[in-house]
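Structural characterization, general
This is what each chain is made of:
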Amino acid sequence: QGKHVMAPKVDDNEDAFTQYVWSPAWNFYRDSKFLVRRCAKPDRKEFTKHVMATGMGFVVMGFIGFFVKLMFIPINNVIVSNL
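Computed from a predicted model, the values in this text were never measured in an experiment.

Definitions and cut-offs
- Residues numbered from 1 in each chain as written.
- Predicted model: local features only at pLDDT ≥ 70, side-chain atom pairs only at ≥ 80, totals over all residues.
- Heavy atoms only, no water.
- Helix = DSSP H or I, 4+ residues; strand = E, 2+ residues; numbered from the N terminus.
- Buried < 20%, exposed > 50% of the residue type's maximum accessible area, 1.4 Å probe, protein only.
- Areas by Shrake-Rupley, 256 points an atom, 1.4 Å probe, with all protein chains shown as cover.
- Expected span 1.5 Å × (residues − 1).
- Bend = angle between axes of the 7 residues up to and from the residue.
- Phe/Tyr/Trp six-rings, centres within 6.5 Å; stacked < 30°, edge-to-face > 60°.
- Salt bridge = Lys/Arg side-chain N within 4 Å of Asp/Glu carboxyl O.
- Patch = residues over 30% accessible without salt bridge, like charges linked within 9 Å, V, L, I, M, F, W, Y side chains within 5 Å.

Each helix and strand counted, the chain has two helices and zero strands in total. For the chain, buried positions account for 2% of its 83 residues. Summed over its atoms, the accessible surface of the chain is roughly 8,200 Å², and 67% of this surface lies on carbon and sulfur atoms.

The first and last C-alpha atoms of helix H1 (residues 16-38) sit 33 Å apart over 23 residues, in line with the 33 Å expected at 1.5 Å per residue. The largest bend along H1 reaches roughly 30 degrees and is located at Trp-22, with the proline Pro-24 sitting one to four residues downstream.

What follows covers the packing of aromatic side chains. Evaluated as defined, the whole model comprises four aromatic pairs. An angle of 20 degrees between the planes, with centres 6.2 Å apart, marks the rings of Phe-63 and Phe-67 as stacked. Taken together, the residues span about one helical turn, with Phe-63 and Phe-67 both in helix H2 (residues 44-81) at a distance of four residues. By relative accessible area, Phe-67 is classed as partly exposed at 45%. With centroids separated by 5.4 Å and ring planes inclined at 70 degrees, the aromatic side chains of Phe-66 and Phe-67 adopt a geometry described as edge-to-face. Given a relative accessible area of 46%, Phe-66 falls into the partly exposed group.

Relative to the 56 Å expected for 38 residues at 1.5 Å per residue, H2 spans 55 Å between its end C-alpha atoms, a close match to the ideal helical length. The sharpest bend along H2 comes to roughly 25 degrees, located at Ile-73, with the proline Pro-74 sitting one to four residues further on.

The next point concerns the pattern of salt bridges. According to the stated counting rule, one finds one salt bridge in the structure shown. For Arg-30, the salt bridge identified is with Asp-31, shortest N-O distance 4.0 Å. Owing to a relative accessible area of 45%, Asp-31 belongs among the partly exposed residues under this scheme.

On to a nonpolar patch on the surface, then. The grouping of Met-56, Val-60, Met-61, Ile-64, Val-68, Met-71, Phe-72, Ile-75 and Ile-79 at the surface amounts to a nonpolar patch, some 880 Å² of accessible area in total. For Val-60, a relative accessible area of 42% translates into the label partly exposed.

Structural data, given as structure tokens:
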């Protein structure tokens, strides 16, 4: 049971800044701090798995981009030559 610090109270006539900026920002800060405290550092095996998955994603996206570009070069040449 951690301490939850509440945002400073404002009277019933909250101004727009407090209602739409200060309170949401304070709540986000409080929730983020709680999340960071609850997170655990991954072990080496889990970290390696995440690195491999991220690397494979980069490689796959790179190949998709390369093949899309490769397909559009001749299509673009046909379009430009007919103008």
